[in-house]
Amino acid sequence: MSMGTELGNLLDWVEGIRRRVRELAKEWEDQEGNLIMILHAIQNEFGYIPRGVASELSKELGISMARIYEVITFYHYFRLTPPGRHTIQVCMGTACYLKGAMDLQNELERQLKATGGRDGEFHLESVRCIGCCGMAPAVVVDGETHGRLCPNDMAGILKEKRGK
Amino acid sequence: METKRLTTSDLDAIWAEAPAPAKMWIRVGMDTGGIAAGARQVYDALIDARDDLGLKIDIRKTGSLGLSYADPVVVVGGVDRPTVVFGAMDAESARDLIVRHCRDGYLLEDRVIATHERGRDLGGQPQVAMLVKDTSPRKNQDRTAFFQDLIREELGVHHQQAKVRVYRAKDMGLYQKGVCVQLLPSRVTYTNVSGPDIRRMIEETLQGGQVLTDLLETAGDPQQRIVLRNCGLIDPDELQSYLQAGGYRGLKRALTEMTPEQVIEEMKVSGLRGRGGAGFPTWLKWKLTRDPVADRKIVICNGDEGDPGAFMDRSVLEGDPHAVLEGLMISAYAIGAETGFFYIRAEYPLAVERIQRAIDQCRAAGLLGRNILGSDFSFDAQVRLGAGAFVCGEETALIASIEGRRGSPEPRPPYPSVKGLWGKPTSINNVETLAAVSVILDEGGEWYAGFGTEKSRGTKVFAVTGKVQNPQLVEVPMGIPIRTVIEDVCGGADHGARIKAVQTGGPSGGVIPLDKLDTPVTYESLQALGSIMGSGGMLVMDESDSMVDVAKFYLGFCVEESCGKCAPCRIGGFQMLKLLEKIHAGNGDPDDLGTIRDICHCMKTASLCGLGQTAPNPVLSTLQYFEEEYLDLVDKRRATSANQKREAITQWERV
């Protein structure tokens, strides 16, 4: 009985995704070259591009999976894996780099004890210039920008977010 | 107002009638940089304090004035009151601003940024405030507070302390000019003020009404705001705000008074060249796109500002989106296009939001759509997002990206002007170029050509960042020396350090050493130095920065961003980066420098697109001007290995 309910929920969920993909495809239907804009919409909704969703999209648009994969992997912005609960982005624009962005990155990696920086809770990534060069070096935590930082500030930033 | 379709006579009426100025107004710079620094909290605190006190103040959001170092920035003005810029605000000082400044008429300590407009005379008015700032502090010895006390004391002696108040300024826009004092409201500014001058200032100027000519600062502002004309002043979310600033006058003139050929001719007279970096004449690009016969033509605004450390385009898109849209519409009219795209980085969500809003507003007002302003011209635009690929700033890669493909460049010719988006003739212009187009059509090509030099006309916006005292956006006429931008506008190196070099053009540009800083800013002169104008990033480096590290940073960027299509860029860049890493780690060989030069030459000549062709520039120019830094690293390793051998011999002999 419970198996049946779970399966039912799962099927509902899959059907929900199908419906959503169809909606998105419909929204962009008569626009030429819509693939990237639809992928943006998917990432906004799911936080990344799940394989299953991409495969639904492939059917919906009549574009092969290979082409979708090609596009997702070419552009840095698209993620193939779910992000952590909190996203920490270290700006690697030139001004931030000169003012010690690498030190911030190293300290964060040390604190998170993970190279590449994912420990499930935090997703650490270095990003291209966020345009806040006036307050270099800058780090964006869950969309909130912190500027004029030094490595000693990193522990506090993580502590504030951890467990939330 | 905005739901109604505007006619030319509606527009004429808006332009003719000056809006009734608010008795008191406040503008809060709410661009990405300002918001990151806390402008939202400042804005909310201002509103709360205003409502608490029940004051009538028109508080609005604007884009950025460009003063990044002082974010969040708030400007206050009104009828019969001087316009004052406040920087480094927070929620607490925002409340102070309402209470102490707006209500009681005082200024705030350490927050006021003196404007670059300086007075020559007192204007026959009594002076009510003095701003003081030590602009050349020696280490740990800022004399600002000391002079503030001295002046106050002397005012007391003359029984003037109740009439004239003295405040410490945050910034004077003057550097290395000793203690500076600015009188308000006249903005008469004195530099290199010494102790004995204080009495003269009070007796001769304040009481006697005479300007002290020996102290008076007469140098004007080297800046010239054309592209940034509205940034930080108008509300970017309101079409009305742009219209009241004279917006869409250029479009109306083009549509009602000129043929497309005349528009192109006007651009030719203006001498405007592409501000994206390469400097291709804008009029020629339009003509080449207009000439081919095709059923459909397309215009694109390139807002894929990828140069790390540059934020000019973002500031314009966020601060004055309608100016860019107007420029795109004019280019479409000149070319004969009915479709336009904004290609903007997904990392700039606020810019995307504001452009989208501008488009929606124009559609509602009939400035986009069929038969715009009653003419035969029909046009509509839409936004497409980039997805984090530097190479997509390159025209053919950008086109591929809008088509929904990987952003791989294509060999040119055919140029996009012949075969572009979906094979149709396409003109791609940079954000800054288009923002200049709208004002050129309004003021005329000849007016614009009056700025700059013969080959590089007009102005250029630079984002000055790095080890500089006041990182900010600067717009200057072409042809002024780089030194003026760095030292006179931005205050020179931070913390009194010595500038070593300035990098222009980002990953495609090169470094300019200190002794070449007097070079005028033009496309040709920067190229002659081995750098490029680029999109406008200007990175200041001081003595503590390693040139090898900087070259490695930029090359690393290009290697990561290489699309991988052509071998010179894909393999050459990677191998050269390995060599640079090896040298930087102290394991280099003198031969490596020769190999690096060979790879540079190969990449420059054989790469398919601009990314690969220019990627070696940072390496080549650092090698040209700072070869000794490379040699030092290489030699250190030789020195160490010689040491090791000597040690080994000693050990061996000992046994």
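Quantities reported herein were computed from a predicted structural model and do not represent experimental measurements.

What counts and what doesn't
Residues numbered from 1 in each chain as written. Chains lettered and ligands numbered in written order. Predicted model: local features only at pLDDT ≥ 70, side-chain atom pairs only at ≥ 80, totals over all residues. Heavy atoms only, no water. Helix = DSSP H or I, 4+ residues; strand = E, 2+ residues; numbered from the N terminus. Rg over C-alpha atoms; globule rule 2.2 N^0.38 Å. Contact = heavy atoms within 4.5 Å. Areas by Shrake-Rupley, 256 points an atom, 1.4 Å probe, with all protein chains shown as cover. Lys, Arg positive; Asp, Glu negative; His and termini not counted. Charge placed at Lys NZ, Arg CZ, Asp CG, Glu CD. Pairing = 2+ DSSP bridges. Axes fitted to C-alpha atoms, helices over the stretch in contact; angles between N-to-C directions. Buried < 20%, exposed > 50% of the residue type's maximum accessible area, 1.4 Å probe, protein only. Phe/Tyr/Trp six-rings, centres within 6.5 Å; stacked < 30°, edge-to-face > 60°. Lys NZ or Arg CZ within 6 Å of the ring centre and 35° of its normal. Domains from an automatic or database assignment. Arc of directions from axis to C-beta. Buried area = accessible area lost by both parts, 1.4 Å probe. Salt bridge = Lys/Arg side-chain N within 4 Å of Asp/Glu carboxyl O. Disulfide = S-S within 2.5 Å. Expected span 1.5 Å × (residues − 1). pLDDT = per-residue confidence, 0-100.

Across its full length, chain A carries seven helices and four strands. Along the chain direction, N to C, the helices and strands of chain A fall in the order α-α-α-α-β-α-α-β-β-β-α. Taking 15 Å as the expected radius of gyration for a compact globule of 164 residues, we find that chain A reaches 19 Å, considerably beyond that expectation. Its C-alpha atoms give chain A principal-axis dimensions of about 50 × 45 × 25 Å. If you take every contact in chain A between residues at least 6 apart in sequence, the share linking residues at least 24 apart comes to 60%. Carbon and sulfur atoms make up 51% of the accessible area of chain A, which amounts to about 8,500 Å² in all. The averaged location of the 22 negative side-chain charges in chain A is 4 Å from the averaged location of its 20 positive side-chain charges.

Another point: the sheet that holds strand β13 (residues 426–430) of chain B. Sheet strands associate in pairs through backbone hydrogen bonding, adopting either a parallel or an antiparallel arrangement. Residue and element names in this part refer to chain B. Spatially, β12-β11-β10-β13 is the arrangement adopted by the four strands of the open sheet, whose pairing is parallel. Bordering the open sheet on either side are β12 (380–385) and β13, each of which pairs with just one other strand. Going across the sheet, the axis of each strand differs from the next one's by a mean of 20°, ignoring polarity. Across six bridges, the pairing between strand β10 (residues 298–303) and strand β11 (residues 339–344) is parallel. Paired with Val299 across the strands is Gly340, a residue of β11. The strands touched by helix α13 (residues 349–365) within the sheet are β11 and β12, with β12 carrying the most contacts at an inclination of about 165°.

All names here are of chain B. Examined against the element boundaries, Thr289 turns out to sit in helix α10 (residues 282–290). By relative accessible area, which is 0% here, Thr289 ends up buried. Ignoring any residue separated from it by four or fewer positions in sequence, one finds Thr289 in contact with Lys297, Ile335, Ser417, Pro425, Thr426 and Ser427.

A full pass over the atoms with the stated rule returns 13 aromatic pairs over all chains. With a centroid separation of 5.2 Å and an interplanar angle of 85°, the aromatic rings of Tyr242 of chain B and Tyr248 of chain B are classed as edge-to-face. On the accessibility criterion, Tyr248 of chain B (0% relative accessible area) is buried. Arranged with centres 5.0 Å apart and planes meeting at 70°, the rings of Phe390 of chain B and Phe557 of chain B form a pair that is edge-to-face. Here Phe557 of chain B lies in helix α19 (residues 547–561) and Phe390 of chain B lies in the loop between β12 and α14 (395–402), a separation of 167 residues in the sequence. The pair formed by Phe390 of chain B and Phe557 of chain B is uniform in burial state, with each residue classed as buried. Following the ring pairs from residue to residue traces out a cluster consisting of Phe74, Tyr75, Tyr77 and Phe78 of chain A. Above the face of the Tyr348 of chain B ring, Arg345 of chain B is positioned so that its terminal group lies 4.8 Å from the ring centre.

It is worth spelling out the domain arrangement of chain A at this point. You can read the domains of chain A as domain 1 (2–74) and domain 2 (86–161). Centre-to-centre, using C-alpha coordinates, domain 1 of chain A lies 31 Å away from domain 2 of chain A.

Let's shift gears to helix α9 (residues 260–270) of chain B. All names here are of chain B. By the burial criterion, the buried members of α9 are Pro260, Val263, Ile264, Glu266, Met267 and Ser270. Down the axis of α9, the sector holding all buried residues measures 155°, keeping them to one side. Next to the buried residues of α9 lie α8 (249–257), α10, α12 (321–335), α15 (431–443) and α16 (445–449). One or two positions beyond α9, positive phi appears at Gly271, with a value near 75°.

Turning next to the interface of chain B and chain A. Contacts between the two partners involve 54 residues from chain B and, on the opposite side, 34 residues from chain A. Both faces considered, chain B and chain A share a buried interface measuring about 3,500 Å² in area, 58% of it formed by carbon and sulfur atoms. For the chain B face of the interface with chain A, the top three residues by lost area are Ala387, Arg406 and Phe553 of chain B, together amounting to 18%. For the interface between chain B and chain A, the tally reads one salt bridge. Note that Glu561 of chain B is salt-bridged to Arg128 of chain A, the shortest N-O span being 3.7 Å. Every element with two or more residues in the side of chain B that touches chain A is listed here: α2 (32–36), β12, α14, β14 (459–466), β18 (537–542) and α19 of chain B. Ranked by the residues each element gives to the side of chain B that touches chain A, the list is headed by α19 of chain B, at seven residues.

Residue and element names in this part refer to chain B. Relative to the helices and strands, Ala463 is located in strand β14. For the pair Ala463 and Thr189, spaced 274 residues apart in the sequence, the C-alpha separation amounts to 27 Å. If we skip the residues at most four places from it in the chain, Ala463 touches Gly309, Ala310, Phe311, Met312, Gln472, Leu473, Gly536, Gly537 and Met538.

This brings us to the pattern of salt bridges. Opposite charge on two side chains allows them to pair when their charged atoms are near. All told, the structure shown has 59 salt bridges over all chains when counted by the stated rule. Between Arg273 of chain B and Glu524 of chain B there is a salt bridge, with the nearest N and O atoms lying 3.1 Å from each other. Taken together, the residues span a long stretch of sequence, with Arg273 of chain B in the loop between α9 and α10 and Glu524 of chain B in helix α18 (residues 523–528) at a distance of 251 residues. Given the relative accessible area of 32%, Glu524 of chain B is considered partly exposed. For Arg363 of chain B, the salt bridge goes to Asp360 of chain B, with nearest N and O atoms at 3.8 Å. One end of the pair, Arg363 of chain B, and the other, Asp360 of chain B, are both in helix α13, three residues apart, so they sit about a helical turn from each other. For Asp360 of chain B, a relative accessible area of 40% corresponds to the partly exposed category. Each of Glu15, Arg18, Arg22, Glu56, Lys59 and Glu60 of chain A takes part in a single network of salt bridges with overlapping partners.

We now examine the state of the cysteines. All names here are of chain B. According to the stated counting rule, one finds zero disulfides over all chains in the structure shown. Of all cysteine sulfurs, the one in Cys490 lies closest to Cys180, which takes part in no disulfide; the gap is 17 Å. According to the relative accessible area criterion, Cys180 is buried, its value standing at 0%. Not part of a disulfide, Cys566 finds its nearest cysteine sulfur in Cys569, a span of 5.2 Å.

A separate point is the sheet that holds strand β17 (residues 510–513) of chain B. Residues and elements named next belong to chain B. Strand order in the open sheet made by the five strands is β15-β14-β18-β16-β17, with mixed pairing throughout. Strand pairing shows two members of the sheet lacking a second neighbour, β15 (472–477) and β17, which therefore form its edges. Across this sheet, the average inter-strand angle for adjacent strands is 30°, counted without regard to direction.

Further remarks concern helix α21 (residues 590–606) of chain B. All names here are of chain B. End to end, α21 covers 25 Å across 17 residues, agreeing with the expected 24 Å (1.5 Å per residue, within 8%). For α21, the set of buried residues is Asp592, Leu593, Ile596, Ile599, Cys600 and Met603. Looking straight down α21, one finds its buried side chains confined to an arc of 125°; they lie on one side. Among the exposed residues of α21, those oriented more than 90 degrees off its buried face are Asp591, Asp598, His601 and Thr605.

Summary statistics for chain B give a mean pLDDT of 92 and a share of 97% for residues scoring 70 or more. Here helix α24 (residues 627–654) of chain B stands out as the element of chain B with the lowest mean pLDDT, 73, in contrast to α12 of chain B, whose mean of 98 is the highest.

Once that is clear, we can look at the confidence of the model for chain A. In the predicted model, chain A carries a mean pLDDT of 86, and the fraction of residues at 70 or more is 92%. Per-element confidence in chain A is highest for helix α4 (residues 65–74) of chain A, whose mean pLDDT is 94, and lowest for helix α1 (residues 2–27) of chain A, whose mean pLDDT is 81.

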